[in-house]
Each structure stands twice: as C-alpha cells, then as structure tokens.
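Each chain, letter by letter, is given below.
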Amino acid sequence: EDFSKAMSQAGSSQFQEVIRQELEYSMKVELDKILATAHSNEIEHTKKDLEGFKKLFHRFLQEKGPSVDWGKIQRPPEDSIQPYEKIKARGLPDNIASVLNKLVVVKLNGGLGTSMGCKGPKSLIGVRNENTFLDLTVQQIEHLNKSYNTDVPLVLMNSFNTDDDTKKILQKYSHSRVKIYTFNQSRYPRINKETLLPIAKDVSYSGENTECWYPPGHGDIYASFYNSGLLDNLIAEGKEYIFVSNIDNLGATVDLYILNHLMNPPNGKRCEFVMEVTNKTRADVKGGTLTQYENKLRLVEIAQVPKAHVDEFKSVSKFKIFNTNNLWIALSAIKRLQEKNAIDMEIIVNPKTLDGGLNVIQLETAVGAAIKSFENSLGINVPRSRFLPVKTTSDLLLVMSNLYSLNAGSLTMSEKREFPTVPLVKLGSSFTKVQDYLRRFESIPDMLELDHLTVSGDVTFGKNVSLKGTVIIIANHGDRIDIPAGALLENKIVSGNLRILDH
C-alpha cells in the first residue's frame, strides 16, 4: 500500500513537472513573439524586461502555497530591533555634512493616483497649499543641502505609467539645489489567470494595450536600478547608502541620527540594510512584520501566512511592529547581490479583473522582502510620525488640516494637539475622488481636538467649521447635510436632512 502511494505521489510530481515545463515552454514562445514586434531602439530594454519576467514566472511555477513555514517563525532577538531613542541619544558628529554627502534619497514613484480619482502620477496630487508630494520632497532635500552645504541627490523610480508626466514636471526644479535623476522600473506582461499566458500580443503599451502590462512592484528596484547604470554612477561619485521610501509617505524625511548610526556604527560593523518599523495600532493589522526566520531577519507579509494563522499574524500582542517601507540600504551590497543574482524576494500574486471582465494575475515583489539577503540587517523602531502615508482622501484631510504645520517641505504634528496620535477619519464614498472631496469642504475644518470623524452620504462643510471629540455625520440616501459655516460640532451625531440656504 505504501509502495503504491509512493508510486502515485512520484507519478503526480512527475506529471506536475511535465505541466510546468509545458507552461514555461508556451510562455517562452509567446514572449518571443512579443519581442519580435519591438522596434530596434526598444529591443534591448524589452529583452531585459522579458528576461526578468521569465525568471519570476519560473519561480512562480516552482512555489506552491504560503511561502513561510509557520513553525519556524520566531520573535526577532532583542538587539535586532533597536529603539529609535537609543540611536538618537548618540547625538551627531561634527562632520555630519561629510556623512550626508554619502547619501542618496530614492522615492518610489511608480504609482498612479487612480485610487483617489486622479489621472497621472500620484506624486503630482496637491497635498498642502498647492504643494504636491514631489514639491514637498524636493523642498526637504533642498533645505538639507542648503543647511549643511551638501549635495544629496534625489532619485525617482518611475514606472512606464508615470515616467512621461514626471519628466515634464521636473523641468520646474531645474534651478533648485537638488540634482534629480530618474530610472524606470521594469514593464512586465499581465497573464491570463486561466491559461497563464500573456494577454499582450505585441510590445506596445498605449491605447487599448495599456491593460496588458504592469510595473512589478517596488521589489523591482534592485534589478532596474542596477540595469539603468545609475547605481554604478552613484557608487563612482562616492555615494554609499540610499534611503528608500514611498513618495506618498510624508513622514519619510532624511533622519540624520539613523544615517549617522549607519555610517558610524557603535560596534564598528556596518549594516547593509535597515528597515524602519513602528508599533502597530488597530489600523495596521495587515502590515508586514519583521520576524526571525532561519537565523535571519525576515519580513513576513499577510499574503504569505497560512490561512489558519492569519488571525495570529494580525494580533497586536504577538507581532507588535510593522514595516513602514522606509529603508536604508548599502549601494555596494545591492551591486554585489545583484551581480550574483542573490536577492531573494517572495512572489506576490496580485489578481486583477480588467475592464472587460477578464481575470488576470500580475507577479510582483516587495523591496523590504530582500532584507534576508543582506548582511547584518537591523530594524529600528521609529516614532509613528515617520509613517504618514496618504492613500485616501481621509488621509489627505488629516495632512491638509491644522493638525500639521509645514516647514521646509516637512510636516510636523502641531504642538497644540494634546495627544500624540492622529484622529481616526473615515470619509464615505462621496469623498473618494480628490475633486469631489475638495468640492465638499469650503475650508478644511479645525481638527486639533478631534478623536474620531465618520462622514457618510451627501455632506458638505462650510467655512471655519470646528470638529471636536467624536463626530458622526450620516446623510441617508436622498438626504443632504450642509454643515453651516462657523459651526462647532463636539461629540455629535448628525443625521437626516440639513440644508441652510442663502437668501
């Protein structure tokens, strides 16, 4: 009986192997057809993109089920995640400028503003007094360069979706004291969920073909940065570390204490990779967490967790921290690992349904997942203020309000706010798109003493409204609520109909 079981298992794994080989062969045939449609000036980079995709597809076919063995997950050792206070307490050396001159700031700029109803790159959405995410980033670095008389460059990782629009806008910074470089992440083909073959028939990605291609997540930074030649150029200029973050995280400013810790480590041994983590709140239960796994620090994302353990993964008591995606990485280490093809990141399978109803999947990787490939990695538990992402108009309301003040491109929490946490804000679907959101506020309310705001339905706010405590405003279907100018709402629930007309 055992023998026949073993035989059938061997048979089924052989059978699976045959299927895998057939799928890889069919994929190669299709990719070759696509490559054959490229113009001579596109062949080189299309070839690199498709080679990279083939590797990812090969790994996708090899891996089955969640990629972590739950039994091997351990809490990270005490010293592998340092408290920020301890790093700050070391102070700064006199020669901080020479340390700064070894730094490059990299912003992940591949995303579109579609989730907020905007066309074009997300980085060009206005965040504060007409300033966009990109404006604020340039102002921060310019302020740094002027204050310390340094030359910290800004590098933008664009995608084929954002490259043209971003390059047009960069001309406006030509006189600023920041060198700005860009490189493009790869362009990979989306594949049909049923056949596992590309839906693209040729290389073009405009018009009806836009849906055939995708940028494969920010884990692509290592290969595309290296392939662009920019990595080597920056190393030749004497740069040693990059500070990478999402362009929509307004808290991700250059931190001199962390930089000093990297360049002048207390034990003399430099870290190749530092991940800023911060304490989870109830809002962050899905964030990736740092664990100890096979004697290495490892980022574990919710998608990798076996279903039976998802609740445990989400528990705030067992996994207290999550990844902010603010990362400090040694350039020489990226080069070394990239040349050895030794950067190992788990594959994220992202299912999408296209406008016509076709189900596709896109294979992606995440930049932080590479932490286990680097030597001497470290987590730093930073204050929550370094994680201020703007993913929705609810987030936008917070950063536009008087909860924050803006200084040299950096947002800081107002000293008048009595609690260190931000209010919980939930705006309903009438506010999802930026232009609808802006239309519904004549001015941004005073929110210094707000704890919680929920707004649902057709609601508008007049000028100079104050919100305090817990405020819930619900206009049922067909109703409309206009909060009058100058109103003060403190611990109030407003529902039904409220219209005040000028006469």
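Quick caveat, the model's predicted, so the values are computed rather than measured. (Residues numbered from 1 in each chain as written. Predicted model: local features only at pLDDT ≥ 70, side-chain atom pairs only at ≥ 80, totals over all residues. Heavy atoms only, no water.)

The next thing to look at is the pattern of salt bridges. Considering all chains together, one arrives at 28 salt bridges under this definition. Measuring nitrogen to oxygen at the nearest pair gives 3.6 Å for the salt bridge that ties Glu51 to Lys54. Linking Glu51 with Lys54, this pair stays in helix H2 (residues 43–62), spanning 3 residues, or about one helical turn. Classification of Lys54 by relative accessible area gives partly exposed; the value is 24%. As a salt-bridge pair, Glu272 and Arg336 come within 2.8 Å of each other at their nearest N and O atoms. (Salt bridge = Lys/Arg side-chain N within 4 Å of Asp/Glu carboxyl O. Helix = DSSP H or I, 4+ residues; strand = E, 2+ residues; numbered from the N terminus. Buried < 20%, exposed > 50% of the residue type's maximum accessible area, 1.4 Å probe, protein only.)

Once that is clear, we can look at the UniProt feature "binding site: substrate" (unreviewed entry) in the chain. The UniProt entry lists His218 under the feature "binding site: substrate" (unreviewed entry), expressed in the numbering used here. You can see His218 is positioned in the loop between strand S9 (213–214) and helix H7 (221–227). Among residues more than four places away in sequence, those in contact with His218 are Leu108, Met157, Asn246, Asn325, Thr365, Ala366 and Val367. (UniProt positions renumbered as here; feature names shortened; annotations may be inferred. Contact = heavy atoms within 4.5 Å.)

Here we come to the UniProt feature "binding site: UTP" (unreviewed entry) in the chain. UniProt annotation of "binding site: UTP" (unreviewed entry) refers to Lys122, Gln185, Gly217, Asp248 and Lys391 when read in the numbering used here. Mapped onto the fold, Lys122 is located in the loop between strand S2 (103–109) and strand S3 (126–128). Overall, the relative accessible area of 9% leaves Lys122 in the buried class. Setting aside anything within four residues of it in sequence, one finds Lys122 in contact with Gly111, Leu112, Gly113, Met116, Phe133, Asp248, Val390 and Lys391. Within the fold, Gly217 resides in the loop between S9 and H7. Gly217 sits in the buried class, given a relative accessible area of 16%.

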